[in-house]
Amino acid sequence: MTEIRADEHGRIQLPPEAFPNGGLQPGERLVCERDERGLRLHYARPDARKLYLEVTTACNLSCAMCIRHAWQDPVQSMSAGTFERVLDGLRAFPDLRRVVIAGYGEPLVHPRLADMAAQLRDLGAGVTLVTNGLLLDRARAQALLDAGIDTLVVSLDSLHVQAYEQAGVDGGLDRVLENLHGLSGLIRRGGFKKPALGLEFVAARSNLPELERLPDLARQVGASFVIVNNLLPHTPEMAGEILYDRDEPLRLGGGWGLHRGGWIAWGHPKLPRMKWGAGRKCPFVNDLSLTIGWDGEVSPCTALMHTYRYYLYGRVKDVARYTLGSVHERPLVDVWTSDEYVTFRGRVHDFRFPSCVECGMDCTYAQENIDCFGNEPSCADCLWAQRILNCP
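It should be emphasised that the depicted structure is a prediction, and the values quoted were computed from it without experimental measurement.

With that settled, consider the overall build of the protein. Broken down by element type, the protein carries 12 helices and 15 strands. Here the C-alpha radius of gyration of the protein, 22 Å, is about what a compact globule of 392 residues would show, namely 21 Å. Taking the principal axes of the C-alpha coordinates as reference, the protein spans close to 80 × 50 × 40 Å. Taking the intrachain contacts of the protein between residues at least 6 apart in sequence as the baseline, contacts between residues at least 24 apart amount to 72%. Surface exposure of the protein reaches about 19000 Å², of which carbon and sulfur atoms provide 49%.

In structure tokens form, the structure reads like this:
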């Protein structure tokens with residue numbers, strides 16, 4: 001611990017030992033935050049490591065669980081001009097490690113997706129694509145392989161199967177599985193070592209029996225990991241489908257073997273927590289992530305990138321979109337290092353929020369996504385911070 005004293009003029013000077021990792025660079029900027037206990041200093045560095053990029057809000061399906069049933073946001077795709085601004089902005093982040101192309105639209109709907117992925121890959125970052133897999137035909141699969149996507153996550157559960165039927169897609173599940181087998185064939189014949197393939201499964205009461213069959217399905221299609229998520233219900237009907245906070249654990253069995261070029265790899269599941277009450281830790285802020293919507297607006301996480309309603313433990317919660325700037329108005333690095341964004345990350349990192357789920361008070365704060373500590377927006381009952389919801 002380093003003691004700091006004010007001089008006779010009430011000023012303080014920070015000694016080098018206050019900054020153990022090499023000290024401050026000349027001209028480096030810090031943001032000072034004052035709270036009821038004193039002052040907090042936050043680095044304002046271009047240190048983002050991960051980007052969640054929503055290239056479109058359009059989708060070829062209408063799943064019963066989808067956020068579209070609870071929002072009034074426009075259905076739009078990212079323009080070439082917006083993407084160029086995003087791409088230019090990312091060059092200011094030397095530690096960028098991964099871009100996840102996801103969000104609440106189907107990325108394969110975007111006609112320039114493969115080209116966008118290739119340009120992101122040229123930055124030196126790994127590229128993950130999250131898709132429902134229905135449009136992943138041989139031509140698109142080959143284009144994505146050529147673009148250098150290194151991780152592909154396909155959403156596959158009975159809620160998506162219901163959406164195939166509602167959209168009038170005959171044999172939707174068979175088509176997705178055929179697409180995955182086709183992708184595996186292209187990888188094998190083309191000598192590609194990537195992408196790693198994963199499945200994402202949203203667990204609900206109605207599809208719980210299917211969960212135990214996931215490892216076998218993953219083995220069949222060559223998936224090396226499975227992400228199991230809890231349901232975030234956006235309608236009263238879907239609220240009755242949630243599984244979390246029950247006493248019975250999820251049963252998925254163990255891992256599964258995969259044959260890879262004469263070697264046997266071991267697949268693994270990523271399961272969510274099923275009970276509220278763990279130490280809260282934001283996966284977005286702690287991973288130094290940022291989120292950019294189709295219009296170039298920057299949000300701190302996918303949970304705050306749209307305006308929508310959902311149901312949490314039987315009560316309604318209304319979330320308003322929270323953005324900290326736009327790539328059309330100023331450089332992305334200036335948004336990331338702005339006072340508002342830096343102090344927001346500091347507050348979330350320390351998780352200076354109440355726990356609304358455990359509070360027991362019948363107030364309106366939680367419904368409005370604010371809290372009694374004065375935070376707006378509030379992360380007080382975030383399911384991602386509880387790891388009840390997983391991130392790709």
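Now that the structure has been shown, the text picks up again.
Before going further, it helps to spend a moment on the state of the cysteines. Across all of its chains, the model carries 0 disulfides by this definition. We note that Cys 382 lacks a disulfide partner, and the nearest cysteine sulfur, in Cys 379, lies 6.0 Å from it.

This model, assessed by the stated rule, comprises 3 cavities of 30 Å³ or more. Each pocket or cavity is described by its volume, and for the largest cavity that value is around 800 Å³. Gly 103, Tyr 104, Ser 155, Glu 200 and Val 202 are, among the 35 residues lining the largest cavity, the residues nearest its centre. For the lining of the largest cavity, the secondary structure elements donating two or more residues are strand E5 (126-131), strand E7 (196-203) and strand E8 (225-230). Ranked by residue count, the leading element in the lining of the largest cavity is E7, at 3 residues. By residue class, the composition of the lining of the largest cavity is 20 nonpolar, 11 polar and 4 charged. Roughly 210 Å³ of volume is contained in the second largest cavity. In terms of lining residues, the second largest cavity is bounded by 21 residues, among which Ala 303, Leu 304, Ser 378, Cys 379 and Cys 382 are the most central. Those elements that place two or more of their residues in the lining of the second largest cavity are helix H9 (283-286), strand E13 (308-312), strand E14 (315-319) and helix H11 (339-350). Looking at the lining of the second largest cavity residue by residue, the class counts come to 17 nonpolar, 2 polar and 2 charged.

Here the focus is the pairing of strand E2 (residues 38-43). Within a regular strand, the side chains alternate between the two sheet faces. Relative to E2, strand E1 (residues 30-35) is paired through 6 bridges, and the arrangement is antiparallel. By the bridge assignment for E2, Asp 35 is matched with Gly 38. Adjacent in sequence and paired antiparallel, E1 and E2 are bridged by 2 residues.

With 5 bridges connecting them, E13 and E14 associate as antiparallel partners. Directly across from Tyr 311, in E14, lies its bridge partner Val 316. Between the antiparallel neighbours E13 and E14 lie 2 residues, among them Tyr 313 with a positive phi of about 50°.

The topology assignment puts Val 228 in strand E8. Sequence separation between Val 228 and Pro 269 is 41 residues, and the spatial gap between their C-alpha atoms is 7.4 Å. Setting aside its immediate chain neighbours within four residues, Val 228 contacts Phe 201, Ala 203, Leu 211, Leu 214, Leu 250, Leu 252, Lys 270, Leu 271, Pro 272 and Asn 390.

Residue placement: Glu 33 occurs in strand E1. Among the residues examined, Glu 33 registers a relative accessible area of 12% and is labelled buried. Polar side-chain contacts of Glu 33 include one of 3.2 Å to the side chain of Arg 352. Look past the residues within four positions of Glu 33 in its chain and what remains in contact with it is Gly 38, Leu 39, Arg 40, His 42, Thr 343, Arg 347 and Arg 352.

What counts, and where the lines are drawn
- Residues numbered from 1 in each chain as written.
- Predicted model: local features only at pLDDT ≥ 70, side-chain atom pairs only at ≥ 80, totals over all residues.
- Heavy atoms only, no water.
- Helix = DSSP H or I, 4+ residues; strand = E, 2+ residues; numbered from the N terminus.
- Rg over C-alpha atoms; globule rule 2.2 N^0.38 Å.
- Contact = heavy atoms within 4.5 Å.
- Areas by Shrake-Rupley, 256 points an atom, 1.4 Å probe, with all protein chains shown as cover.
- Disulfide = S-S within 2.5 Å.
- 1 Å grid on protein atoms, 1.4 Å probe; cavity = no way out; pocket = protein on both sides within 12 Å on 5 of 7 lines; lining within 4 Å.
- Points joined across faces, edges and corners; volume = space filled by probe spheres on them.
- Nonpolar A, V, L, I, M, F, W, Y, C, P; charged D, E, K, R; others polar.
- Pairing = 2+ DSSP bridges.
- Buried < 20%, exposed > 50% of the residue type's maximum accessible area, 1.4 Å probe, protein only.
- Polar contact = N/O pair within 3.5 Å; in protein donor to acceptor, adjacent residues only side chain to side chain.

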